[in-house]
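Here is how the chains run, residue by residue.
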Amino acid sequence: MGSPKDELLKPIWHAFTALDLDRSGKVSKSQLKVLSHNLCTLLNVPHDPVALEEHFRDDDEGPVSNQGYMPYLNRFILEKVQGNFDKIEFNKMCWTLCARKNLARNTLLLSDDDAFKVWVIFNFLSEDKYPLVIVPEEIEYLLKKLTEVMGLGWHQEQFEHYKISLDTSWEGLSAWELIELIGSGRFSKGMDRQTVSMAIHEVFNELILDVLKQGYMWKKGHKRKNWTERWFVLKPSIISYYVSEDLKDKRGEIILDGNCTVEALPDKDGKKCLFLIKSLEKCFEISASDKKKRQEWIQAIQTTVNLLRLSSPPPHKEARQKRKELRQKLQAEQEELERQMKELQVANENKQKELETVRKQLEEAAARASEEETKRLQTQMELQDRFSLELEREKMVRQKMEEQVAQKSSELEQYLQRVRELEEMYKQLQEALEDEKQARQDEETVRRLQARLLEEESTKRQELEKWHLEQQQTIEVTEAEKQELENQRMMKEHALQVALQQLEQLELDRKEALEQYEEVKKKLEVAANKTKSWKDKVAHHEGLIRLIEPGSKNPHFITNWGPAAFTEAELEQREKSWKGKKGTSEQ
């Protein structure tokens, strides 16, 4: 995958190549100054006028030349970029400079904004070499994405015919050729401009803005607890929600990291298809339109969290890197095959040269033999006896030469057979490469299936762990309640023992008080008896002795003996005593 500097270089390359050239084939200094000033402004890089004037000299070695501008661009602009800039505005500036010169306005299905988005997608998918082109594999990938969004089926044969109709040495399309291809409607089957624009917008959001999923859902508030419909946008590390899909009024965001979780919730508060997002700071309750949408959102958010946990790039960037690596591998294999074929071709040419040399030698030998034969015929009559032995020797030489020719012919046949075998091996190798490509596609399908099964297993494992944790917590709460009840029972038993001891002490005190009461009662009875007997004795002598008792507060009575200290009650008692004694004496 290209570095951030490469991603900036591609739009700048478009803008730079669109600048006007003077008669010497160079870009004017004023244009480069304006371009550099605009780049510094949009990339939030501080301006350095002194360095700018120093590097923009009017000699052939300075940055005014095409080769001299790149060192200045890297040193004073790109190396100072921190990433805190608006990429869309940066691309729009570069697009404005290059579109006015290169864009053909007769593309019926594309507006200027659609053409700009296709241009940005081209920069993302193009190869990291200049001049920039997009290879057929990436063109096929982009066209497939667009037809999929428009709801059309992909026709591979149509694309293959399109490739065949182009030059055999064709390596790819430029940005403007790609815009013209998409704008011509060749692969959109008569779709209207709005449908094509919608498809380009959605692919642009996915590939450039890293939008993994978006759509309307209901969100529960944290303060007022009311439900509000919002437009949600899922990106690799954040979920933003807006008032509507025009993205003008942003209402909040959910920061995602490797510790976030997402789970389905039962229906409540009149809302269905609920799920919960647990982030580091808050929990968000969200309601989807149906169960399918809820599952899609849960799966998309879980996939994003897993990628964050593994520090992996977004799926489309990872897929682009894999396609690029596969192309590089196939290109290396193709170059190796071409190198081997060249070696075989060189060896074949060497063999052909050797055979040609042998043929020439045979022709020369035949010519010499013919001359000698002519001379021999002319002098046969004269030298027949003298050269008979030489004639036999010449026949032997001819036989040896024929044997050599036969041997060389056999070697040539063997070599041609070897070339045919190598060509057959080359065909088998190509078939093996096709089989390997199909096997890789099957392996990718199986890997995706395994990833889905592993994800489901992980979800089930998390649910089991959650249930186990809740069970452990319930057991701990039960143990705590049991211990509390045991403590209360011990305290009540202790209080009961204390109360029983106090009751026993009170019983002992009651018995002791009762005994004291009995003793006092007996003493009172004894004292009462003594007082009664003493009063009886006094009653007998009451005429002689009058008891001196404390005086009553009541009025005193006068008796025949004078004033007496008797109360009315004592007098009545004395009268009853006298009457009783009198009645006894009369009897």
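Computed from a predicted structure; not experimentally measured.

1. Looking at the packing of aromatic side chains
Then, in step 1: Evaluation of the coordinates by the stated rule reveals ten aromatic pairs.
Then, in step 2: Geometrically, the ring pair formed by W95 and W119 is tilted, given 5.6 Å between the ring centres and 50° between the ring planes. Taken together, the residues span a long stretch of sequence, with W95 in helix α5 (residues 87-102) and W119 in helix α6 (residues 112-125) at a distance of 24 residues. Each of the two residues, W95 as well as W119, counts as buried.
Then, in step 3: Taking the centre distance of 5.6 Å and the plane angle of 40° together, the rings of F232 and Y241 count as tilted. No difference in accessibility class separates F232 from Y241, as the two residues are buried.
Then, in step 4: Through a chain of ring-to-ring contacts, three or more aromatic side chains come together here, namely W95, F116, W119 and W176.

2. Examining the sheet that holds strand β6 (residues 274-278)
Then, in step 1: In spatial order, the strands read β4-β3-β2-β1-β7-β6-β5; together these seven strands make up an open sheet with antiparallel pairing. Of all strands in the sheet, those bounded by a partner on one side alone are β4 (250-255) and β5 (261-265). Shown here is a sheet whose adjacent strand axes are inclined to one another by a mean of 35°, direction ignored.
Then, in step 2: One ladder, built from five bridges, connects strand β3 (residues 238-242) with β4; its direction is antiparallel. Residue pairing across strands places I238 opposite I255, the latter belonging to β4.
Then, in step 3: Where helix α11 (residues 291-309) meets the sheet, its contacts fall on β1 (213-220), β2 (227-235), β3, β5 and β6, and the angle it forms with β5 comes to roughly 165°.

3. Side note on the side chain of E140
Then, in step 1: Looking at the secondary structure, you find E140 in helix α7 (residues 136-149).
Then, in step 2: For E140, a relative accessible area of 15% puts it in the buried group.
Then, in step 3: Other than its neighbours up to four places away in sequence, E140 contacts W154, Q156 and F159.

4. Digging into the packing of α7 against helix α10 (residues 193-207)
Then, in step 1: The contact between α7 and α10 brings their axes to 9 Å, and the two run at 120°. Comparing the axis directions of α7 and α10 gives the class oblique. In this structure, α7 crosses over α10, and the sense of that crossing is right-handed. Contact with α7, carried on its side by Y141, L142, K145, L146 and V149, involves M198, A199, I200, E202, V203, E206 and L207 of α10 and no other residues of that element.
Then, in step 2: Across the contact of α7 with α10, the residue classes tally to nine nonpolar, no polar and three charged.

5. Examining a nonpolar patch on the surface
Then, in step 1: A surface patch of nonpolar side chains, amounting to about 380 Å² of accessible area, comprises L496, L500, L503 and L506.
Then, in step 2: With respect to the secondary-structure elements, L496 resides in helix α14 (residues 388-540).
Then, in step 3: Under the relative-accessibility criterion, L496 is labelled partly exposed at 48%.

6. Remarks on the side chain of S287
Then, in step 1: By secondary structure assignment, the location of S287 is in strand β7 (residues 283-287).
Then, in step 2: At 2.7 Å, the side chain of S287 forms a polar contact with the backbone oxygen of K272.
Then, in step 3: Setting aside its immediate chain neighbours within four residues, S287 contacts M217, W218, W227, K271, K272, C273 and L274.

7. With respect to the nonpolar core
Then, in step 1: Residues L39, W95, W119, I179 and I182 are the most contacted members of the largest nonpolar core, which totals 66 residues.
Then, in step 2: The element that contributes the greatest number of residues to this core is α6, accounting for nine residues.
Then, in step 3: Beyond its immediate chain neighbours, meaning those up to four positions away, I182 contacts L110, V118, L142, L143, L146 and I200.
Then, in step 4: One finds V262, F275, I286 and I298 within the second-largest nonpolar core, a separate group that totals 20 residues.

8. A closer look at empty space enclosed by the protein
Then, in step 1: Throughout the structure, instances matching the rule amount to four cavities of 30 Å³ or more.
Then, in step 2: Looking at the largest cavity, its volume works out to about 90 Å³.
Then, in step 3: In terms of lining residues, the largest cavity is bounded by 13 residues, among which L146, M150, I182, F187 and S188 are the most central.
Then, in step 4: Of all elements in the fold, only α7, α9 (175-183) and α10 reach the threshold of two or more residues within the lining of the largest cavity.
Then, in step 5: As a volume, the second largest cavity reaches approximately 50 Å³.
Then, in step 6: Around the second largest cavity sit T147, L152, G153, W154, H155, Q158, F187 and K189, which together line it.
Then, in step 7: Its residues placed into classes, the lining of the second largest cavity shows three nonpolar, four polar and one charged.

9. What to know about the layout of surface pockets
Then, in step 1: As a volume, the second largest pocket reaches approximately 810 Å³.
Then, in step 2: Lining of the second largest pocket is provided by 23 residues; of these, V262, E263, T459, Q462 and E463 occupy positions nearest its centre.
Then, in step 3: By residue number, the principal contributor to the lining of the second largest pocket is α14, which donates ten residues.

So, how was this worked out
Residues numbered from 1 in each chain as written. Predicted model: local features only at pLDDT ≥ 70, side-chain atom pairs only at ≥ 80, totals over all residues. Heavy atoms only, no water. Phe/Tyr/Trp six-rings, centres within 6.5 Å; stacked < 30°, edge-to-face > 60°. Helix = DSSP H or I, 4+ residues; strand = E, 2+ residues; numbered from the N terminus. Buried < 20%, exposed > 50% of the residue type's maximum accessible area, 1.4 Å probe, protein only. Pairing = 2+ DSSP bridges. Axes fitted to C-alpha atoms, helices over the stretch in contact; angles between N-to-C directions. Contact = heavy atoms within 4.5 Å. Parallel < 35°, antiparallel > 145°, perpendicular 65-115°, else oblique. Left-handed = near helix turned anticlockwise from the far one by under 90°. Nonpolar A, V, L, I, M, F, W, Y, C, P; charged D, E, K, R; others polar. Patch = residues over 30% accessible without salt bridge, like charges linked within 9 Å, V, L, I, M, F, W, Y side chains within 5 Å. Areas by Shrake-Rupley, 256 points an atom, 1.4 Å probe, with all protein chains shown as cover. Salt bridge = Lys/Arg side-chain N within 4 Å of Asp/Glu carboxyl O. Polar contact = N/O pair within 3.5 Å; in protein donor to acceptor, adjacent residues only side chain to side chain. Core = buried A, V, L, I, M, F, W, Y, C linked by side-chain atoms within 4.5 Å. 1 Å grid on protein atoms, 1.4 Å probe; cavity = no way out; pocket = protein on both sides within 12 Å on 5 of 7 lines; lining within 4 Å. Points joined across faces, edges and corners; volume = space filled by probe spheres on them.

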